[in-house]
Number of protein chains: 2
Amino acid sequence: MNYPNGRPFKGNKTQVGRTNTTQSSNINYGGRGMSLEKDIELSNKYYLDNEIAVIHKKPTPVQIVNVHYPMRSKAVINEAYFRTPSTTDYNGIYNGYYLDFEAKETKNKTSFPLSNMHKHQVKHMDACFNQNGVVFLLIRFKTLDEVYLLPYANFKYFWERYLNGIKKSITVEEIKKNGYYIPYQYQPRLNYINAVDKLILDESEDRV
Amino acid sequence: MNYPNGRPFKGNKTQVGRTNTTQSSNINYGGRGMSLEKDIELSNKYYLDNEIAVIHKKPTPVQIVNVHYPMRSKAVINEAYFRTPSTTDYNGIYNGYYLDFEAKETKNKTSFPLSNMHKHQVKHMDACFNQNGVVFLLIRFKTLDEVYLLPYANFKYFWERYLNGIKKSITVEEIKKNGYYIPYQYQPRLNYINAVDKLILDESEDRV
């Protein structure tokens, strides 16, 4: 399944909760590690089960045009279209903090191409940041199999640099300098809340 | 369009933003006022445009099974099914506060039947409340054309009363006593953030 832009449609694993997600993820990504989306899904389940945080992936926005009702079976949507999301993919609450983030993967070894980001997503992140939300990007470099949390406050500079036509991407070094490396661990595999704790601590110090 | 349970499918007006939503709302609801969903959509747009809050309705969760790619036209989803939402319909951020709520309408004149609520929604609201979120219900009595904000902390008592088989509904008087009446005004028509301010103030006093 592909989006109109040809980007593979990965489904809403968080919501669908299929058992073959790992397999399909490998097919979708082909990376050494599990897909970032799958890792986040497992982390969110771990956070929910252990009452650490309540974070959910939003369903893929779909415009439903026609629904069919076969006899003695559930409704079938037989005409619908993908819509452009008006927000990021993930939001929720962690210990009173509103969390809002987007997860992106890149095959690029040296930098994160900003063409991966959509203007409406950045606009939404900006609005949430202005409401004092904890807003960030989770970026996975597939070939390096490294994941970083890049706070929106720092991302903003690179985004404006991109809009000004100066640089189309953020180098790995820039992300290391301006973000938080998230090492893989046992459980959850991708414990991104640890990086969120650091971000909250650093931002509170900035605001003092 | 109807859900498997026969409940009319109202689409994601917040996301689709069709121009005929008012009309279709009248068809769907038949109440004197605009539908609660439509009112909330307009309020959320007002809050977003005026940088007061960032609240969005979540897309209807759909399990996509098959997508068709006609020549020179966008992808068509030609087999998909409605999934049970694992969260409430609305969440977002208001001045640093995580807001999470469900909106319900009832034709009942004297009480709100708790059969309108789904266990998984209440479970989600409870989890968000335990993370110190601002969690509540927006309840509209269609025939009275009155809307109330009922804090989750107060709703919880009535829900347990319902689960214990004592009472299947919350009376209007109980909602008036334990909630906040939201009068209609000029703009936004349903300014529920005013009630949220009262709720935040009262809860902060409770916690002192």
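Residues numbered from 1 in each chain as written. Chains lettered and ligands numbered in written order. Predicted model: local features only at pLDDT ≥ 70, side-chain atom pairs only at ≥ 80, totals over all residues. Heavy atoms only, no water.

The name given to chain A in an unreviewed UniProt entry is Holliday junction resolvase RecU, with the source organism recorded as Staphylococcus hsinchuensis. The Sequence similarities (unreviewed entry) field of the UniProt record for chain A holds the comment "Belongs to the RecU family." In the Function (unreviewed entry) part of its UniProt record, chain A is described as follows: "Endonuclease that resolves Holliday junction intermediates in genetic recombination. Cleaves mobile four-strand junctions by introducing symmetrical nicks in paired strands. Promotes annealing of linear ssDNA with homologous dsDNA. Required for DNA repair, homologous recombination and chromosome segregation." (UniProt positions renumbered as here; feature names shortened; annotations may be inferred.)

Another aspect to go through is the UniProt feature "binding site: Mg(2+)" (unreviewed entry) in chain A. All names here are of chain A. Feature annotation in UniProt places "binding site: Mg(2+)" (unreviewed entry) on Thr-87, Asp-89, Glu-102 and Gln-121, given in this structure's numbering. The named residues occupy 35 residues along the chain; their greatest pairwise C-alpha distance, 9.0 Å, places them in one compact cluster. Its place among the elements puts Asp-89 in the loop between strand S3 (76-82) and strand S4 (90-94). When neighbours within four sequence positions are excluded, Asp-89 is seen to be in contact with His-56, Lys-57, Lys-58, Phe-101 and Glu-102. For Gln-121, a relative accessible area of 3% puts it in the buried group. In this structure, Gln-121 is in contact with Thr-87, Thr-88, Glu-102 and Lys-104, ignoring residues within four places of it in sequence. (Helix = DSSP H or I, 4+ residues; strand = E, 2+ residues; numbered from the N terminus. Contact = heavy atoms within 4.5 Å. Buried < 20%, exposed > 50% of the residue type's maximum accessible area, 1.4 Å probe, protein only.)

This part is about the sheet that holds strand S1 (residues 54-57) of chain A. Paired through their backbone hydrogen bonds, the strands of a sheet run either parallel or antiparallel. Residue and element names in this part refer to chain A. Taken together, six strands build an open sheet; the order of strands is S1-S4-S5-S7-S8-S10 and the sheet is mixed. The strands lining the two open edges of the sheet, one partner per strand, are S1 and strand S10 (180-182). With strand direction ignored, the average angle separating the axes of adjacent strands in the sheet is 25 degrees. (Pairing = 2+ DSSP bridges. Axes fitted to C-alpha atoms, helices over the stretch in contact; angles between N-to-C directions.)

This brings us to the packing of aromatic side chains. Inspection of every chain in the model, using the stated rule, returns 25 aromatic pairs over all chains. For the ring pair A:Tyr47 and A:Tyr192, a centre distance of 5.4 Å and an interplane angle of 85 degrees mean the geometry is edge-to-face. Of the two residues, A:Tyr47 is situated in helix H3 (residues 36-49) and A:Tyr192 in helix H7 (residues 192-207); the sequence distance between them amounts to 145 residues. Note on accessibility: A:Tyr47 and A:Tyr192 belong to one class, buried. With a centroid separation of 6.3 Å and an interplanar angle of 75 degrees, the aromatic rings of B:Phe141 and B:Tyr148 are classed as edge-to-face. Taken together through their ring pairs, the aromatic side chains of A:Tyr46, A:Tyr47, A:Tyr90, A:Phe101, A:Phe136 and A:Tyr192 make up a single cluster. Of note, A:Arg189 hangs over the ring of A:Tyr184, and the distance from its end group to the ring centre comes to 4.5 Å. (Phe/Tyr/Trp six-rings, centres within 6.5 Å; stacked < 30°, edge-to-face > 60°. Lys NZ or Arg CZ within 6 Å of the ring centre and 35° of its normal.)

Turning our attention to the environment of B:Asp206. Residue and element names in this part refer to chain B. Among the secondary structure elements, Asp-206 is positioned in helix H7 (residues 192-207). Accessibility expressed as a relative area gives 63% for Asp-206, which makes it exposed. Residues Asp-206 and Thr-87 lie 119 residues apart in sequence; the distance between their C-alpha atoms is 27 Å.

Residues and elements named next belong to chain A. Packing of helix H4 (residues 119-130) against helix H5 (residues 152-163) leaves a shortest axis separation of 11 Å and a crossing angle of 140 degrees. Considered as vectors, H4 and H5 are oriented oblique to each other. As for how H4 packs across H5, the hand of that crossing is left-handed. Here Lys-119, Val-122, Met-125, Asp-126 and Phe-129 of H4 lie close against H5, whose contacting residues are Tyr-152, Ala-153, Phe-155, Lys-156, Trp-159 and Leu-163. (Parallel < 35°, antiparallel > 145°, perpendicular 65-115°, else oblique. Left-handed = near helix turned anticlockwise from the far one by under 90°.)

Residues and elements named next belong to chain A. As recorded in UniProt, the sites labelled "site: Transition state stabilizer" (unreviewed entry) are Lys-104. Residue position: Lys-104 is located in strand S5 (residues 97-106). What Lys-104 contacts, discounting residues up to four positions off in sequence, is Leu-36, Phe-112, Asn-116, Met-117, His-118, Gln-121, Leu-138, Ile-139 and Arg-140.

Take the relation of the copies chain A and chain B next. Mapping chain A onto chain B leaves a residual RMSD of 0.0 Å; the transformation is a rotation of 180 degrees accompanied by 0.0 Å of translation along its axis. Taken together, these values place the two copies in the relation of a two-fold axis. No C-alpha of chain A lies nearer the rotation axis than that of A:Asn78, which sits 2.1 Å from it. Same-surface contact between copies: 98% of interface residues of chain A are shared with the interface of chain B. (Least-squares fit on C-alpha atoms with pLDDT ≥ 70 in both.)

All right, on to the interface of chain A and chain B then. Facing the 50 residues of chain A at the interface are 49 residues of chain B. Counting each side, the surface lost to burial between chain A and chain B is near 4,200 Å², with a carbon and sulfur contribution of 61%. For the pair chain A and chain B, the number of links is zero salt bridges. Summed over the shared surface of chain A and chain B, the result is eleven residue pairs in polar contact (both at pLDDT 80 or more). Contributing elements (two or more residues each) for the side of chain A that touches chain B: helix H1 (13-16), S1, strand S2 (62-68), S3, S4 and H4 of chain A. Bridging between S3(A) and strand S3 (residues 76-82) of chain B involves two bridges; their strand directions are antiparallel. Residue A:Ile77 lies in a different strand from S3(B), and its bridge partner there is B:Ala80. (Buried area = accessible area lost by both parts, 1.4 Å probe. Salt bridge = Lys/Arg side-chain N within 4 Å of Asp/Glu carboxyl O. Polar contact = N/O pair within 3.5 Å; in protein donor to acceptor, adjacent residues only side chain to side chain.)

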